[in-house]
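Notes for the structure review
In case you want the letters, here they are:
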Amino acid sequence: MAGRLKALVAGVAALALLGADAARASGPGALTSWYIDPFGGGGADLKRLYDGQLGVVMARAPRPQLYIAWRLLHGQKVGQAAGDALSTPCCDPPWRYRYDIPRQGLGVDGWLDARKAVPNAAEVGYISMERDGPNYVSFANCFDEAFDTATATLKDRAAKYGASSAAVKAWLDTQDAVFDACHAPGAVLPPAMPDAPAWLKADRAYQEAAFELYQGRNSDAAIRFAAIAKDKASPWRPLAPYLRTRALVRSATVEKTGDAFAGARAAIDDLAKAPKGTFGQGETRKMRRFLDFRDRPKQLLADLEKELAQREASPEIAVSFRDYASLYDKDVGRPEAMDWIMTIRARPTPTQMQALAEGNGGENAYPELEAKVRREALAHARERWNATRDAAWLVAALANVDPAAPEAPDLAAAAGKVATDSPAWLTAQYHLTRLTFAKADSAATRSRLDAVLKRPDLSVNDRNLFLAQRAQVAADAGEFARLSLRKRLCNDSDDKSGCVRGFWQADAVQPGSVYDDEGYAGTQGFGDDARAVIDRLPLKTRLALGRDPQIPAKLRMDVALTNYARAVSLGDHATVDSLTVDLETLLPQLAAEWRAIRAAPLGPERRFLEFVVLAKVPGMRTDLANYVRPEGTVAQFQTPWINWVLVPTGKPVKPRPPALAFYQSLGVELGDKATDAQTDLACLGECGLGASPLRLPDFARAGAAQATAERGYFVPAQTSYSDEPAPLPPAAIVVWDEMLAFARANPKHPQVPEALYWIIRAGRWGGSYEHSGKRAFELLHKAYPTSTWAKRSPYYYD
Amino acid sequence: MGRLGALAGLALACVAVGARAQPLTIWAWERPEDLRFAPADAEVAAQTGFIELSGNRLIVRGRRHPLSVAGNRVTTAVVHVQIDHRRPLAWTPERATQVAASVLRLGRRARRLQVDFEVRTSERPVLLAVLREVRAGLPKGVELSMTALASWCATEDWLVEAPVDEVVPMLFRMGPGGERLKARLAAGGDFANPACRTALAVSTDTPIVRAPAGRRVYLFNPRSWTAADFERVRRSVAAWPDG
């Protein structure tokens, strides 16, 4: 019979080994970094990686990608095919993640469409392909290829015998019941058509066998497929030996007896020995592995170790690695590559987590377990490095050591000795810098990092990493300006980038309004390390940065606006004046406001006008850490406001720069108790658990005293990384209060009605103080009832 | 005298309810979970399904990781839906029907079906279409719940179109506006949207000092639960002032 006879490979993939989707992140989506990517970056960078050019090893990469690093560290090849396979969650069909790989059929969609061609077909809008298992689990029971086969068969039968014929209708009714069995244990086949033509009888026999398979009656299915294999007249004969084998394999996994496994293996052997080209013959290795996983795990692990130790990557490397990792997780053995992967990651194992869940540990049980795992990982990595001098183990130790740890000097020294032609060299250079930043001579560090950055073959991710380090030893502000920028990678809406992050973190999105263009557009921005440094500079240095032409206009605007907030807070009207000139160009939406400020004489009116800008730009802050860029029209500027509080000259508050952990929010989140020493703003925690405390460049250190003195006049919008509301400092000036006082005292001032409108808005969206919105509302409607601003404010909200 | 503020606002007036316990519901997401430690008065919302709309393809699957839980503690079946933003979405009425049928099938094992579907502004019609179709097919007696970004409840009013019995604003991973919202709640305020006042969600790793009393509290843990995690967050919730 003509027509496609599809290999039921997806069935084997599912049979084979853990063929489910990778477990996805669930719950709300998360913001992710736009310049550090632990998944290898874009297509070009990944290709270089697969071709043997190992960059900085990212300890937070998925395990299969860490395995790529292991191979390259040991002189083993990867290549594009193996690299692609290992960079994709195993073991769904390739088309699941890559649209450039065509899907061979349309699965259920194609089937539902095809069956509409049969008149009076039962209405079927949806077919579930899974069965319920224990513990709320579902398992795949039917696969796309079964639907593709059914679609092709239906089209063939309809073409030959007529879509409206009773026989085709009977065929369809039976097939619908077969697919019911995908999910419904109670599915029942309709009676066979009396006096059915031969073709229908043959198809019915096949459908009955498939029905038994989906119902889990595997032995019965095997018997039926065996009968079809002997029926020379059946068009399904070529598939039958494979399907019989598959049914016996399924049976073995359910019955779990020696006889069942032996029967399945015998069937696999028969299939393997069948004439070359027999349908499904290519799946015998997978099916053997599938059984070995269950009844000979130790032997399978030994086989996999041998296979994965080969210099060339096998075509099945992703599936093999998946089994290898799963056997490790099941404590079948401790193969070295997995040992290394788990050590560099230093995360609790599933077994440890299970023990924790079942135990009676206190509220510190998990942090204590994490700390213990990390200590053990570092000790183990050092022991393996000392015993083997295998650079991979040095890399694992480096990833887990803090700069202040007693082990750090020796490990840094070892990192410094890694040869430049070693695949571990870049990783060693990164950690060498991280571990020696605090004490090494700045000029020497600059020189070494410049040599790294000169390499034309750095990946985007690696260049961003080394720029972050180099910026922290910048010789002066001008050099820092150049080094503060990071190139964007893996734009989440650009599938042409070739990035694979979306395969592993489908719900992660990059932030907006932080680049050199509006919204989500843009190709570069400040690194988080750079933002932290900029926030710790004195105003004078920041002013120069905000005018540095090396920095794109949008980012200069961000610096200028935070400078403006600082200047207002400091009462530095001269600096405010000069900033308004810059901001007329950088934020022209407020051009009139900037000019009005310059034109106003010093005194209450001047302050009022300066404050009006604070009211019109809700995201205005003194620090880039929590600043939100105004974009679009004034009405479109992003909420929320803060309650602006100033302190008079001579009455500074305790200076509290934003905690460095706050800048790391796009990487590994540290929680609100994390100290500055625990942060890693260069790699955002993705390179390993070893911290990388921020090193202020020398020019910034020189201005630190001034910066600290100035910060005494920046009342934090939040006093800590937790959520406790901030108490007002003594003699505090609440900006809205002063604006309301000016408004009452100067009712004819042309800016007053609009200012009141903005105070009402601020009161609604986060910036209320003592019902400031209500007070503004009352004054606006009493004094200016017919004004546009009153008409635009029908309510107050606080 | 000016007009009083409308209900649609973040009122500082406290919620006037008597002291009563917040029903706690533990979210069991797609990872191995052993919740046998959960006390009798805690409920479980288990993710039982995953749906992805990827261009013109629909990927549907059930839960893959086991959930161990005592008795009939799972009162909510959660179906997570997401859109693959690497592909232009091919959205048709037929697809909406299929998605809804998938949701109903995957979420059929509890008395509350919760749809967890975070959408961008342009995708709101997709979410609403799914919810309408799910509502139409929901068995009698089953409640329909949805998770929501906190910002949807604070600053946006399109949620009135969602035909659900419960909206669960998530008070974590909220982005720049989140800190102010949490501070506002800490001061005794509430969500602007009245539809968001029957439930809320908090995370173990970003506790909040206060939230309006008397509503269902869903508990999120970024990692698999332990008894200690639950006890810590339970104490934190119990410490919220009443009213």
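It should be emphasised that the depicted structure is a prediction, and the values quoted were computed from it without experimental measurement.

Moving on, we get to the overall build of chain B. A tally of helices and strands in chain B yields five helices and 11 strands. Within chain B, the fraction of its 243 residues that count as buried is 59%. Of the contacts formed within chain B by residues at least 6 apart in sequence, a portion of 71% connects residues at least 24 apart. Element-wise, carbon and sulfur atoms account for 55% of the exposed surface of chain B, whose accessible area totals about 8,900 Å².

The helix and strand tally for chain A stands at 37 helices and eight strands. Considered along the principal axes of its C-alpha atoms, chain A spans approximately 105 × 75 × 50 Å. Restricting the contact set of chain A to residue pairs at least 6 apart, pairs at least 24 apart contribute 67%. Accessible surface, chain A as shown: approximately 31,900 Å² in total, 54% of it carbon and sulfur.

What follows concerns the packing of aromatic side chains. Residues and elements named next belong to chain A. Counted according to the given criterion, the structure contains 26 aromatic pairs over all chains. With 5.1 Å between their ring centres and 50° between their planes, Tyr 757 and Trp 789 make a pair best called tilted. With Tyr 757 in helix H35 (residues 752-764) and Trp 789 in helix H37 (residues 788-791), the pair connects residues that are 32 residues apart, well separated along the chain. The exposure classification of Tyr 757 matches that of Trp 789, with both residues buried. What links up through ring pairs into an aromatic cluster is the set Trp 111, Phe 147, Trp 171 and Phe 179. Here the basic side chain of Arg 294 rests over the ring of Phe 290, its NZ or CZ set 3.9 Å away from the ring centre. Stacked on the ring of Tyr 757, the Lys or Arg Arg 792 has its end atom at 4.9 Å from the ring centre.

All names here are of chain A. For the pair helix H10 (residues 240-255) and helix H12 (residues 284-295), the least separation of the axes is 10 Å and the interaxial angle reads 10°. With respect to each other, H10 and H12 are oriented roughly parallel. Contacts between H10 and H12 involve Tyr 242, Thr 245, Arg 246, Val 249, Ala 252 and Thr 253 from the first element and Met 287, Phe 290, Leu 291 and Arg 294 from the second. Its residues placed into classes, the contact of H10 with H12 shows six nonpolar, two polar and two charged.

Let us look at the state of the cysteines. All names here are of chain A. Under the defined criterion, the tally for this structure stands at five disulfides over all chains. Disulfide partner of Cys 683: Cys 687, at an S-S distance of 2.0 Å. In this structure, the disulfide formed by Cys 683 and Cys 687 twists by about 75° around the S-S bond and is classed as right-handed. Like Cys 683, the residue Cys 687 is buried in the burial classification. Each disulfide of chain A joins two cysteines, and with those cysteines numbered along the sequence the arrangement is 1-2, 3-4, 5-6, 7-8.

All right, on to the nonpolar core then. One broad trend across soluble globular proteins is that nonpolar side chains are buried collectively. Membership of the largest hydrophobic core comes to 175 residues, with the highest contact counts inside it found for Trp 340, Tyr 564, Leu 583, Trp 736 and Met 739 of chain A. Looking at which element gives the most residues to this core, the answer is helix H27 (residues 553-570) of chain A, with nine residues. Not counting residues within four places of it along the chain, the set of residues in contact with Tyr 564 of chain A comprises Val 576, Leu 579, Leu 583, Trp 594, Ile 597, Leu 609, Glu 610, Val 613, Leu 614 and Met 620 of chain A. Core analysis: the second largest hydrophobic core is formed by 62 residues, Ile 51, Leu 127, Leu 144 and Ala 148 of chain B among them.

Once that is clear, we can look at the pattern of salt bridges. Scanning the model with the defined rule gives 67 salt bridges over all chains in all. For Arg 470 of chain A, the salt bridge identified is with Glu 479 of chain A, shortest N-O distance 2.8 Å. By the burial criterion, Arg 470 of chain A is buried, and Glu 479 of chain A matches it. Among the salt bridges present, the one from Glu 30 of chain B reaches Arg 61 of chain B, with a minimum N-O distance of 2.8 Å. Of this pair, Glu 30 of chain B sits in the loop between strand S1 (24-28) and strand S2 (33-34) while Arg 61 of chain B sits in strand S4 (residues 57-62), and the two are 31 residues apart along the sequence. Of the two residues, Glu 30 of chain B and Arg 61 of chain B, both sit in the buried class. Because the salt bridges share partners, they merge into one network encompassing Glu 43, Arg 111, Arg 112, Glu 143, Glu 166 and Arg 216 of chain B.

Structurally, Trp 644 of chain A can be placed in the loop between helix H30 (604-616) and strand S7 (645-646). Taking the relative accessible area as the measure of exposure, Trp 644 of chain A reaches 5% and is therefore buried.

What follows covers the side chain of Thr 25 of chain B. All names here are of chain B. In this structure, Thr 25 sits in strand S1. A distance of 2.9 Å separates polar atoms of two side chains, one belonging to Thr 25 and the other to Arg 216. When neighbours within four sequence positions are excluded, Thr 25 is seen to be in contact with Glu 43, Val 44, Ala 45, Arg 216, Val 217, Tyr 218 and Leu 219.

The next point concerns the environment of Val 473 of chain A. All names here are of chain A. On the secondary structure map, Val 473 appears in the loop between helix H22 (460-471) and helix H23 (477-483). What makes Val 473 buried here is its relative accessible area of 1%. Leaving out residues up to four positions away in the same chain, Val 473 has contacts with Phe 437, Ser 442, Thr 445, Arg 446, Leu 449, Glu 479 and Arg 695.

This next bit is on unusual backbone geometry. Residues and elements named next belong to chain A. Of the consecutive residues Cys 90 and Cys 91, the connecting peptide bond is found in the cis state with omega at 20°. With respect to the helices, strands and loops of the structure, Cys 91 is situated in the loop between helix H4 (79-86) and helix H5 (107-114). Of note, the phi angle at Asn 120 is positive, near 65°, even though the residue is not glycine. By the element assignment, Asn 120 lies in the loop between H5 and strand S2 (130-132). A relative accessible area of 71% means that Asn 120 is categorised as exposed. Of note, Cys 490 is a non-glycine position whose phi angle comes to about 55°, a positive value. Looking at where Cys 490 falls in the secondary structure, it is placed in the loop between strand S4 (485-487) and helix H24 (501-504). With relative accessibility at 8%, the residue Cys 490 sits in the buried group.

Quick look at helix H29 (residues 591-599) of chain A now. Buried within H29 of chain A we find Ala 591, Glu 593, Trp 594 and Ile 597 of chain A. The elements touched by buried residues of H29 of chain A are H27, helix H28 (573-586), H30 and H35 of chain A.

On to the confidence of the model for chain B. All names here are of chain B. Of the residues in chain B, 89% have a pLDDT of 70 or more, and the chain-wide mean is 85. Here helix H4 (residues 178-186) stands out as the least confident element of chain B, with mean pLDDT 73; strand S7 (residues 112-117) is the most confident, with 97. Confidence metrics for the complex model read pTM 0.88 and ipTM 0.87.

Residue and element names in this part refer to chain B. Counting buried residues along S7, six of its six residues qualify, which places the element largely inside the surrounding structure. Residues Arg 112, Gln 114 and Asp 116 line one face of S7 and the alternating positions Leu 113, Val 115 and Phe 117 line the opposite face, and both faces are buried. Pairing geometry for strand S6 (residues 74-83) and S7, over six bridges, is parallel. Looking across to S7, one finds that Val 81 is bridged to Phe 117. A crossover connection joins S6 to the parallel S7 through helix H1 (residues 93-106); in handedness this β-α-β unit is right-handed. As judged from the four bridges shared by S7 and strand S8 (residues 143-149), these two strands associate in the parallel manner. When the sheet's bridge partners are listed, Val 115 is paired in S8 with Met 146. Between the parallel elements S7 and S8, the chain passes through helix H2 (residues 124-137) in a crossover that is right-handed.

Cut-offs applied
Residues numbered from 1 in each chain as written. Chains lettered and ligands numbered in written order. Predicted model: local features only at pLDDT ≥ 70, side-chain atom pairs only at ≥ 80, totals over all residues. Heavy atoms only, no water. Helix = DSSP H or I, 4+ residues; strand = E, 2+ residues; numbered from the N terminus. Buried < 20%, exposed > 50% of the residue type's maximum accessible area, 1.4 Å probe, protein only. Contact = heavy atoms within 4.5 Å. Areas by Shrake-Rupley, 256 points an atom, 1.4 Å probe, with all protein chains shown as cover. Phe/Tyr/Trp six-rings, centres within 6.5 Å; stacked < 30°, edge-to-face > 60°. Lys NZ or Arg CZ within 6 Å of the ring centre and 35° of its normal. Axes fitted to C-alpha atoms, helices over the stretch in contact; angles between N-to-C directions. Parallel < 35°, antiparallel > 145°, perpendicular 65-115°, else oblique. Nonpolar A, V, L, I, M, F, W, Y, C, P; charged D, E, K, R; others polar. Disulfide = S-S within 2.5 Å. Core = buried A, V, L, I, M, F, W, Y, C linked by side-chain atoms within 4.5 Å. Salt bridge = Lys/Arg side-chain N within 4 Å of Asp/Glu carboxyl O. Polar contact = N/O pair within 3.5 Å; in protein donor to acceptor, adjacent residues only side chain to side chain. pLDDT = per-residue confidence, 0-100. Pairing = 2+ DSSP bridges. Right-handed = clockwise from strand over helix to strand, strands pointing away.

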